Amino acid sequence: MAKTVSMGNPRDRKAYIITGPTSGIGRSTALELAEHGTVVLVGRDRGKLDELQKTITQKGQHAVSVVCDLSDLASVRRAAAEIVALHLPVVGLLNNAGIMQMRPTTNALGWDMTFATNHLGPFALTEALVPHLPDGANVVFVASAVEDPERKPAKAVGFRGARYISADASARGEWQQPGGSKMPGADAYATSKQCNLATVMVFARETPRLHFNAVEPGVNLATGLGQRDANAFVRFLLKYIIPLLVPLLMPFMKFLSTPKRAAHVITKVLIDASGQTGVYYDESGHPMLGSALVRDPKFQDRIVAETRAFLSTIPA
């Protein structure tokens, strides 16, 4: 069940939903968003949600937490119903949660965990909440330029772009070959992020009363995206050494970022009242282009249509 702390009346404040709020970019964004209104924290770990909620409320701000495992469609549906039942004036939804597994695993339905967590879950959550969002609300997806096979920084570290075949093939963990990445988890991650971008573009056309945009958060080397599968030495580097090096390298490597910098860009897009929609923003908050393939409206429509058809096969 949703858990909240009463500090005044949160129903009088704007509310922003954020998935994956307990670490990295998500945590930094949740803390910044709390300065603008009530934050609905959506994550799978109750203990971590409680800790973050406590941090926010101790500052005199408002937070609500809802437990949700985005890789589990039943959990997503329950979470959406709980959020709606809160009757908060939600004006923003941030689909931030994401994973990149070095060793592929599947959920109870046999779906690839990366594709389920990064695309299928956020897609289902967004579709469930859209009818309940007021006109002018902002929906933001955290995307990634690694979906583009021509992206030089991504190629340099081993990505080869998205490898989309179909929604059901992706759910089975099948990626288009040959030409894929030799780096474990890269094809699954890039494909899921390409699907995020396609979703934003189609939803922006389908529902003009809302504003759908995507953000490339930059390369955040110190986040927990792939740390769960890393060995102890790599986790040590990512936690203690890399954060010290990134600020020194950023002037020379413009694609590098930090959770705090990414959070500032994401928050700016999420609270923007200009009405921009269907825009893909880079790590500095400027419009950018995705891959040639994901810019094709026919390809975008195919991804969304296939995702809907695939999810419709799962009983409510």
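Anything mentioned here points back to the structure above.
These notes cover the structure that comes with them.

## Re the overall build of the protein chain
Within the protein chain, the secondary structure is distributed over 10 helices and 8 strands. When burial is assessed residue by residue, the protein chain has 52% of its 316 residues classed as buried. Summarising the internal contacts of the protein chain: among those between residues at least 6 apart in sequence, 71% fall at separations of at least 24.

## Thoughts on the packing of aromatic side chains
All chains considered together, the criterion is met by 6 aromatic pairs. Relative to Phe-203, the ring of Phe-123 has its centre 5.3 Å away and its plane inclined at 55 degrees; by these criteria the two rings are tilted. Here Phe-203 lies in helix H7 (residues 186-206) and Phe-123 lies in helix H4 (residues 113-129), a separation of 80 residues in the sequence. Judged on exposure class, the residue Phe-123 and its partner Phe-203 are both buried.

## So, the pairing of strand S3 (residues 38-43)
When you tally the buried positions in S3, you get 6 out of 6 residues, the bulk of the element. Residue alternation in S3 divides its side chains into two sets, Thr-38, Val-40 and Val-42 and Val-39, Leu-41 and Gly-43, and both sets are buried. Chirality of the crossover, the property in question, places the unit of strand S2 (residues 15-19), helix H1 (residues 24-33) and S3 among those that are right-handed. In terms of strand pairing, S3 meets strand S4 (residues 63-67) through 5 bridges, oriented parallel. The residue bridging Gly-43 from the neighbouring strand is Val-67, located in S4.

## A short note on the packing of H1 against helix H9 (residues 259-270)
The N-to-C vectors of H1 and H9 enclose an angle of 50 degrees; their axes lie 8 Å apart at closest approach. The orientation of H1 with respect to H9, classified from their angle, is oblique. Handedness of the H1/H9 crossing: right-handed. Contacts between H1 and H9 involve Gly-24, Ile-25, Ser-28, Thr-29, Glu-32 and Leu-33 from the first element and Pro-259, Lys-260, Ala-262, Ala-263, His-264, Ile-266, Thr-267 and Leu-270 from the second. Its residues assigned to classes, the contact of H1 with H9 shows 7 nonpolar, 5 polar and 2 charged.

## A closer look at the side chain of Thr-29
Along the chain, the position of Thr-29 falls in helix H1. Assessed through its relative accessible area of 0%, Thr-29 is described here as buried. With residues up to four places along the chain from it excluded, the contact list for Thr-29 reads Ile-18, Leu-94, Ala-263, Ile-266 and Thr-267.

## Let's talk about the environment of Ala-81
The topology assignment puts Ala-81 in helix H3 (residues 73-85). Once the C-alpha coordinates of Ala-81 and Ala-128 are considered, the two residues, 47 residues apart in sequence, prove to be 8.2 Å apart.

## Concerning the nonpolar core
Side chains that are nonpolar tend, in soluble globular proteins, to be buried together. Ranked by size, the top nonpolar core spans 58 residues in total, and within it Ile-17, Trp-111, Leu-120, Phe-212, Tyr-280 and Leu-311 carry the most contacts. Counting residues per element, this core draws most heavily on H7, which supplies 9 residues. In contact with Phe-212, not counting residues within four places along its chain, are Thr-126, Val-130, Val-139, Val-200, Phe-203, Ala-204, Thr-207, Thr-277, Gly-278 and Val-279. Judged by nonpolar contacts, the second largest core, of 23 residues, contains Ile-18, Ile-25, Val-215 and Ile-266.

## Here's the deal with H4
For H4, built from 17 residues, the straight-helix expectation of 24 Å at 1.5 Å per residue is met to within 8% by its first-to-last C-alpha distance of 22 Å. In terms of burial, H4 is largely enclosed, as 15 of its 17 residues are buried. Measuring from the backbone nitrogen of Thr-114 back to the side-chain oxygen at the start of H4 gives 3.1 Å, which picks out Asp-112 as the cap.

## Some details on the side chain of Thr-191
Examined against the element boundaries, Thr-191 turns out to sit in helix H7. When its relative accessible area of 0% is taken as the criterion, Thr-191 is described as buried. Only 2.8 Å separates the side chain of Thr-191 from the backbone nitrogen of Arg-163, close enough to count as a polar contact. Residues contacting Thr-191, with those up to four places away along its chain left out, are Phe-115, Ala-162, Arg-163, Tyr-164, Ser-170 and Trp-175.

## Examining the pairing of strand S7 (residues 211-215)
Most of S7 sits out of view: 5 of its 5 residues are buried. What you see with S7 is no split at all: His-211, Asn-213 and Val-215 on one side and Phe-212 and Ala-214 on the other are buried throughout. As judged from the 5 bridges shared by strand S6 (residues 138-142) and S7, these two strands associate in the parallel manner. What sits directly across from Val-140, in S7, is Asn-213. Note that S7 and strand S8 (residues 279-281) share 3 bridges and pair parallel. Note on S8: the bridge partner recorded for Ala-214 is Tyr-280.

The rules behind the values
Residues numbered from 1 in each chain as written. Predicted model: local features only at pLDDT ≥ 70, side-chain atom pairs only at ≥ 80, totals over all residues. Heavy atoms only, no water. Helix = DSSP H or I, 4+ residues; strand = E, 2+ residues; numbered from the N terminus. Buried < 20%, exposed > 50% of the residue type's maximum accessible area, 1.4 Å probe, protein only. Contact = heavy atoms within 4.5 Å. Phe/Tyr/Trp six-rings, centres within 6.5 Å; stacked < 30°, edge-to-face > 60°. Right-handed = clockwise from strand over helix to strand, strands pointing away. Pairing = 2+ DSSP bridges. Axes fitted to C-alpha atoms, helices over the stretch in contact; angles between N-to-C directions. Parallel < 35°, antiparallel > 145°, perpendicular 65-115°, else oblique. Left-handed = near helix turned anticlockwise from the far one by under 90°. Nonpolar A, V, L, I, M, F, W, Y, C, P; charged D, E, K, R; others polar. Core = buried A, V, L, I, M, F, W, Y, C linked by side-chain atoms within 4.5 Å. Expected span 1.5 Å × (residues − 1). Polar contact = N/O pair within 3.5 Å; in protein donor to acceptor, adjacent residues only side chain to side chain.

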